Amino acid sequence: LSAGDVASLELRLGGMSEAQARAAIDLLRPAAQRRDVAVLLSGQALLAAETGCDGVHIAPEEMSYADARALLGPEGIVGFAAGASRHLAVEAAEAGADFVSFGPYFPEDPVPAAGLDLLRWWQEVIEIPCVAMGGIGPENALGVIRAGADFIACGRSVWEHPAGPGAAVKALLRVIANA
C-alpha cells in the first residue's frame, strides 16, 4: 500500500472461521485506512458492516444489492460482480451500485472470460465506474485500461510477484501512467 496510489484493498476471507476473519480484518483494515485505501470485504456485507470495513464486493449468488446496501447504509461502498453479463451489470447500476466489476479477463480456470468490448460498451452507456478483474497484472493490464476499465483488480499478480508486492504495484502504476 505504500508503493503507490491504491484505491482499495479487497479482502477475500472465505474458508476462514468468523474469528479468524475478524482477526485478519482487525489487523489489515487500520493499516489500509490510515493510507486512505478503502477496505472492501468480498461477499460478506454483515461482517463488513460490523468490523468497520468501507464496503463490500458481492456476486449475485452471494446476496442481492438491496440486502448489501441495507447492511452497509448509504455511506458504505457496494460493488457488484457482473462477470460478463451486461444485464446483471445494468441492473446493479440502476439499483445504485457504486461500481460494477467485469471478468475474468485472463482466467486461470476454464471460465468464460469477459471481452474488452464489454468495457468499451460500459464506458459509452453507463456512468458508474467499472473494474476489470481476473488474472490482470503488469504484463497484461494495458488492454483493459485502454478498453475503458476505470480500475483494475489485481490479486496473485501483486501478491506473488517475483520482486514482491510493492514492485508489482509500482509496475502497474507505470503501465497506467503510460496507457
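Predicted model, so just to flag it, every value in this text is computed and none were measured.

The rules behind each value
Residues numbered from 1 in each chain as written. Predicted model: local features only at pLDDT ≥ 70, side-chain atom pairs only at ≥ 80, totals over all residues. Heavy atoms only, no water. Helix = DSSP H or I, 4+ residues; strand = E, 2+ residues; numbered from the N terminus. Rg over C-alpha atoms; globule rule 2.2 N^0.38 Å. Buried < 20%, exposed > 50% of the residue type's maximum accessible area, 1.4 Å probe, protein only. Contact = heavy atoms within 4.5 Å. Arc of directions from axis to C-beta. Phe/Tyr/Trp six-rings, centres within 6.5 Å; stacked < 30°, edge-to-face > 60°. Disulfide = S-S within 2.5 Å. Pairing = 2+ DSSP bridges. Axes fitted to C-alpha atoms, helices over the stretch in contact; angles between N-to-C directions.

A. How the structure looks around the overall build of the protein chain. For the protein chain, the helix and strand inventory stands at eight helices and seven strands. A compact globule built from 179 residues should have a C-alpha radius of gyration of about 16 Å, and the protein chain, at 16 Å, falls within 12% of that. Referenced to the eigenvectors of the C-alpha coordinate spread, the extents of the protein chain come out at roughly 40 × 40 × 30 Å. Counting all 179 residues of the protein chain, 42% fall into the buried class. Pairs at least 24 residues apart make up 46% of the contacts formed inside the protein chain by residues separated by at least 6 positions.

B. Main features of helix α5 (residues 116-125). Among all positions in α5, only L118, L119, W121 and W122 are buried. When α5 is viewed along its axis, its buried side chains cluster within an angular range of 165° and face the same direction. For α5, the secondary structure elements touched by its buried residues are β4 (77-83), α4 (86-95), β5 (99-102), β6 (130-133) and α6 (141-147).

C. Quick peek at the packing of aromatic side chains. The tally for this structure, following the rule as stated, stands at two aromatic pairs. An angle of 75° between the planes, with centres 5.3 Å apart, marks the rings of F102 and W122 as edge-to-face. Linking F102 in strand β5 with W122 in helix α5, this pair joins segments that are 20 residues apart in sequence. Exposure remark for F102: the relative accessible area of 0% places this residue in the buried category. Three or more aromatic residues joined by ring pairs form one cluster here, namely F102, W121 and W122.

D. Main features of the environment of A68. Mapped onto the secondary structure, A68 falls in helix α3 (residues 65-72). Here the alpha-carbon distance between A68 and A49, two residues 19 residues apart in the chain, equals 9.5 Å. Setting aside its immediate chain neighbours within four residues, A68 contacts A45, V56, I58, M63 and V78.

E. A look at the state of the cysteines. Under the counting rule described, the total for this entry stands at zero disulfides. Take C130: it sits in no disulfide, and the sulfur closest to it among the cysteines is that of C154, at 14 Å.

F. Focus on the sheet that holds strand β3 (residues 55-58). The strand order across the open sheet formed by seven strands is β1-β2-β3-β4-β5-β6-β7, and the pairing between neighbours is parallel. In this open sheet, the two edge strands, each paired with only one partner strand, are β1 (8-11) and β7 (151-153). Neighbour-to-neighbour, the strand axes of this sheet turn through a mean angle of 25°, independent of strand direction. Note: strand β2 (residues 38-42) against β3, three bridges, orientation parallel. Counted as the bridge partner of L41 is V56 from β3.

G. Structural view of the pairing of β5. Because side chains alternate across β5, one face comprises the buried residues F99 and S101, and the other comprises V100 and F102, equally buried. The pairing of β4 with β5 spans four bridges and is parallel. Looking at the pairing, G83 lines up with F102 of β5. Note that β5 and β6 share three bridges and pair parallel. Looking at β6, one finds that V100 is bridged to C130.

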